[in-house]
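These are the residues of each chain, in order.
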Amino acid sequence: MLKLFLGYDPREAIGFHVCVESILRHASQPIEIIPIRGDQRDGTNAFTYARFLVPHLCEYKGGAVFIDGSDMLLREDIVPLAGYACDTSKAVHVVQHHYRTKHPRKYVGTAMEADNRDYPRKNWSSVMVFNCGHAKNRAMHPDSVRELPGAALHQFKWLRQDEIGELPFKWNVLIGEDGEDKECAIAHFTLGIPAFPHYMKCRYADEWFDAAKAMTNEVPQ
């Protein structure tokens, strides 16, 4: 069974539940969905650091997937994504974005509004397929995750480049940053979810609202 860890931030709770609805809508097999969050040390969400504990939480065995659950929408079956963990030469697989943001602020108009800074390997860690049993992932334990700076974690400084596998682009399409002609399996509302007024007309917002409506349907009497 696929172990799927979803980032959870209570300030985007509706986004988390919409993401779960979209996952279940397309899933071809049973999935173990595990919410994950941590202390708000810095960064803009409550799972900025907790995501790197996935290998530890899996006891450094098997494969597991992490996605930024609070601001994503699944448009395809997520089960095939887990297959990348079978490549035992890689510690993790990610979509390897190389971009500079078009938007200096994110979460505009909300209490979460913040600078949208550029940095190397930005957004690589928002979708990760871990080979939890890879020897290098043993460096990810509570003490190291607590002590390492965010840049070292989000830029995968504990790994060599050849230990980082590459996922097809469609598994982490950055809405508002990437071209609209791209194939999209995961729509990542990295600037802000459609529930926030500033982003309610962004690409795939209609599908996001459809999923939100589906999860609130009343039970027939």
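Our structure is the block above this text.
Residues numbered from 1 in each chain as written. Predicted model: local features only at pLDDT ≥ 70, side-chain atom pairs only at ≥ 80, totals over all residues. Heavy atoms only, no water.

Caption draft 1: A look at the pattern of salt bridges. This model, assessed by the stated rule, comprises 15 salt bridges. For R25, the salt bridge goes to E21, with nearest N and O atoms at 3.6 Å. Taken as a pair, R25 and E21 lie in helix 1 (residues 13-26) at a separation of four residues, close to a single helical turn. Since its relative accessible area comes to 43%, R25 is described here as partly exposed. Close ionic contact of R146 with D143 constitutes a salt bridge, the shortest N to O distance being 2.4 Å. (Salt bridge = Lys/Arg side-chain N within 4 Å of Asp/Glu carboxyl O. Helix = DSSP H or I, 4+ residues; strand = E, 2+ residues; numbered from the N terminus. Buried < 20%, exposed > 50% of the residue type's maximum accessible area, 1.4 Å probe, protein only.)

Caption draft 2: Local environment of helix 1. The end-to-end C-alpha separation of helix 1 is 21 Å, in line with the 20 Å expected for 14 residues at 1.5 Å each. Where helix 1 is concerned, the buried positions are G15, F16, V18, C19, V20, E21, S22 and I23. On the buried face of helix 1, the contacting elements are strand 1 (2-7), strand 2 (31-36), strand 3 (63-67), strand 4 (72-74) and helix 5 (205-214). (Expected span 1.5 Å × (residues − 1). Contact = heavy atoms within 4.5 Å.)

Caption draft 3: Just the sheet that holds strand 3, in detail. Overall, mixed pairing links the six strands, which are arranged 2-1-3-8-5-9 in an open sheet. If you trace the sheet from one side to the other, it starts and ends with strand 2 and strand 9 (164-166), each paired once. Within the sheet, the average angular offset between the axes of one strand and its neighbour, ignoring direction, is 25 degrees. In this structure, strand 5 (residues 92-94) lies alongside strand 9, joined through three bridges in parallel fashion. Looking at strand 9, one finds that H93 is bridged to G165. (Pairing = 2+ DSSP bridges. Axes fitted to C-alpha atoms, helices over the stretch in contact; angles between N-to-C directions.)

Caption draft 4: Representation of the pairing of strand 1. Among the six residues in strand 1, five count as buried, and that is most of the element. The pairing of strand 1 with strand 2 spans six bridges and is parallel. Paired with K3 across the strands is E32, a residue of strand 2. Remark: the strand 1/helix 1/strand 2 crossover connection has right-handed handedness. Two elements, strand 1 and strand 3, share three bridges in a ladder whose sense is parallel. (Right-handed = clockwise from strand over helix to strand, strands pointing away.)

Caption draft 5: Inspection of the sheet that holds strand 10 (residues 173-174) at higher detail. The strand order 4-11-10 describes an open sheet built from three strands, whose pairing is mixed. Single-partner strands in this sheet number two, and they are strand 4 and strand 10. Looking at chain direction, strand 4 and strand 11 (residues 186-188) are connected through three bridges and run antiparallel. Along strand 11, the bridge assignment pairs L74 with I186.

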